[in-house]
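# Examining the three-dimensional arrangement
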Amino acid sequence: MNDKELIGKVHSAVYHQCQRRGYAAPVDVLMEIGVLPKQKYEDWRFGRVDYLERVCMVNLRKLSFIMRQMRVYAQKTGIKPSFCYYKQWGIKKKNGQGHKPVILLRFSKSGDLEIEKWYATHFVDSKKAAELKAQQNIEKPD
């Protein structure tokens with residue numbers, strides 16, 4: 001797939017996610033465009049893979065290009081970046097007491113903070129999110 005086709009796929013994925021949920025998440029875009037298999041994503045979320053880039057099916061140049069295109073689209077359309085924490089799934093409480101330990105997940109091999117931040121940043125379409133919330137409230141009256 002050439003860069004032009006990839007740009008179209010990335011922009012389309014971000015647009016459709018915003019229409020469906022009011023936001024787009026990089027990991028979901030990667031899955032939607034076929035770069036990250038769902039099973040590999042789940043392996044990463046459960047801590048069976050040390051960092052997300054390891055299981056993506058393109059090289060780092062392409063991954064970096066995809067991430068940059070998400071930011072380009074967000075800037076062009078006015079959707080706002082919102083940082084999220086990605087925590088490991090399936091953590092059990094010790095002896096059933098106290099808080100579950102929180103294990104933050106790693107996205108990149110390098111662990112570079114700037115790279116990690118962009119992988120964990122969702123892009124929020126606040127108008128669409130408000131619309132969807134209002135629609136939910138109409139469908140589920142008290």
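Up top is the structure these notes are about.
Values in this document were obtained by computation on a predicted structure and should not be read as measured data.

### Some points on the sheet that holds strand E3 (residues 121-124)
Here 3 strands make up an open sheet; going across it, the order is E1-E3-E2 and the pairing antiparallel. The strands lining the two open edges of the sheet, one partner per strand, are strand E1 (23-24) and strand E2 (80-83). Alignment of E1 against E3, held across 2 bridges, turns out to be antiparallel. Residue Ala24 lies in a different strand from E3, and its bridge partner there is Phe123.

### A look at the packing of aromatic side chains
This model, assessed by the stated rule, comprises 9 aromatic pairs. Relative to Phe107, the ring of Trp44 lies with its centre 5.0 Å away and its plane at 50 degrees, an arrangement referred to as tilted. Pair noted here: Trp44 is in helix H3 (residues 38-45) and Phe107 is in the loop between E2 and helix H5 (113-119), with a separation of 63 residues, a long-range link. Assessed through its relative accessible area of 0%, Trp44 is described here as buried. Of the residues examined, Phe107 reaches a relative accessible area of 2% and is grouped as buried. Each ring, one from Trp118 and one from Phe123, has its centre 6.5 Å from the other, and the planes form 10 degrees; the classification is stacked. By relative accessible area, Trp118 is classed as partly exposed at 22%. By relative accessible area, which is 3% here, Phe123 ends up buried. Pairwise contacts between aromatic rings join Tyr41, Trp44, Phe46, Tyr86, Trp89, Phe107 and Tyr119 into one cluster. Above the plane of the ring of Tyr23 lies Arg21, whose end atom (NZ or CZ) is 4.3 Å from the centre.

Calculation criteria
- Residues numbered from 1 in each chain as written.
- Predicted model: local features only at pLDDT ≥ 70, side-chain atom pairs only at ≥ 80, totals over all residues.
- Heavy atoms only, no water.
- Pairing = 2+ DSSP bridges.
- Helix = DSSP H or I, 4+ residues; strand = E, 2+ residues; numbered from the N terminus.
- Phe/Tyr/Trp six-rings, centres within 6.5 Å; stacked < 30°, edge-to-face > 60°.
- Buried < 20%, exposed > 50% of the residue type's maximum accessible area, 1.4 Å probe, protein only.
- Lys NZ or Arg CZ within 6 Å of the ring centre and 35° of its normal.

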